[in-house]
Amino acid sequence: MKKFVAGTFAVTSIFALAACGSDNSEEGIGTSEDGEPVELRVGASNVPHAEILEQAQPLLEEEGVDLQIEPYQDYILPNQDLESGEIDANYFQHVPYLESQIAEHGYDFANAGGIHIEPIGVYSQEHESLEDLPEGAEILMSNSVADHGRILTMLEAQGLITLDPEVEKTAAEVSDIVENPKNLQFEADYEAALLVQLYENGEGDAVLINSNYAIDAGINPLEDSIALEDSDSPYVNIIAVNSGEEDNEAVQKLVEVLTSEEIQDFIYEEWGGAVVPVDAE
């Protein structure tokens, strides 16, 4: 059984599927009239987000919400399209990434609710555990600064490094490492979507991969990782909307269904703990 380690997802990849749909950004999300269902367009990463939304579609239909799922393979367009009104909400990012995007781009977004956690994993073709990493081991990680603190905190919890105690863990960067006994070499300039390929090619001594990319590539985080982030991670994947829409009835129904026992059970059965619903005990 794989070892879980404490720690704290979000990244930028290079390919994208543009979302489609009419632009009603000035009008906001609609409201039901004469019993007609309300269309709710949600942008999502293919795995696991879109698959979870597919399970929610019939449940939302019963609640009068016509859920339209717009798939994305990158982490840039979903926020751009949310701001422009191409979609009504998105479901792909965790809170620190949302906050970093708001700070960088000035988005006026709101968190409508947390849905699940995707533990980040450490993978290696050569080594059986983190303890086996050799002197000067090459550690490959994404170029998303929002993930660096999460990764470094994992490694610190295992005693591989020590971070500056004055630095907030979620904001830590490689330059904040004050002790590095094994002289680990961090390469943090890779697009997240390429990390699976690097791992499969046997590059680096260890590769940090977000669970959504791992699962999408047929890699089982529970079985194939040499270390996995603890399931109580604060990096919760959320439903993001334009500010003011978090109280919209259709959005609230979406969050309610996604955190329901039925969807939680689906998440557990489908991914066996590699994806963890936030309300789970």
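- Under an unreviewed UniProt entry, the name given to the protein chain is Lipoprotein, and the organism recorded is Jeotgalibacillus haloalkalitolerans.
- Check the Sequence similarities (unreviewed entry) section of the UniProt entry for the protein chain; it says "Belongs to the nlpA lipoprotein family."
- You can read under Subcellular location (unreviewed entry) in the UniProt record for the protein chain the words "Membrane".

1. Overview of the pairing of strand S7 (residues 138–142)
In step 1: Of all five residues that make up S7, four are buried, and the element is covered over most of its length.
In step 2: With four bridges connecting them, S7 and strand S10 (residues 185–190) associate as parallel partners. By the bridge assignment for S10, serine 142 is matched with tyrosine 190.
In step 3: Alignment of S7 against strand S11 (residues 206–209), held across two bridges, turns out to be parallel. Bridge assignment links leucine 140 to a residue of S11, and that residue is valine 207.

2. Overview of the sheet that holds strand S3 (residues 65–72)
In step 1: Pairing is mixed across the open sheet formed by six strands, whose spatial order is S3-S2-S4-S13-S5-S14. On the outer flanks of this sheet lie S3 and strand S14 (276–277), each paired with one strand and no other.
In step 2: Where helix H3 (residues 95–105) meets the sheet, it contacts strand S4 (89–94), strand S5 (109–117) and strand S13 (236–242), and its direction lies at approximately 110° from that of S4.

3. Side note on the pairing of S13
In step 1: Counting buried residues along S13, six of its seven residues qualify, which places the element largely inside the surrounding structure.
In step 2: Summarising the sheet, S4 and S13 pair through four bridges and their orientation is antiparallel. In the sheet register, asparagine 90 faces S13, and the bridge partner there is alanine 240.

4. Things to note about the environment of glutamate 118
In step 1: Here glutamate 118 is to be found in the loop between S5 and strand S6 (121–123).
In step 2: Relative accessible area serves as the criterion here: at 1%, glutamate 118 is assigned to the buried category.
In step 3: Here the side chain of glutamate 118 touches histidine 49 through a polar contact of 3.1 Å, side chain to side chain.

Calculation notes
Residues numbered from 1 in each chain as written. Predicted model: local features only at pLDDT ≥ 70, side-chain atom pairs only at ≥ 80, totals over all residues. Heavy atoms only, no water. UniProt positions renumbered as here; feature names shortened; annotations may be inferred. Buried < 20%, exposed > 50% of the residue type's maximum accessible area, 1.4 Å probe, protein only. Helix = DSSP H or I, 4+ residues; strand = E, 2+ residues; numbered from the N terminus. Pairing = 2+ DSSP bridges. Contact = heavy atoms within 4.5 Å. Axes fitted to C-alpha atoms, helices over the stretch in contact; angles between N-to-C directions. Polar contact = N/O pair within 3.5 Å; in protein donor to acceptor, adjacent residues only side chain to side chain.

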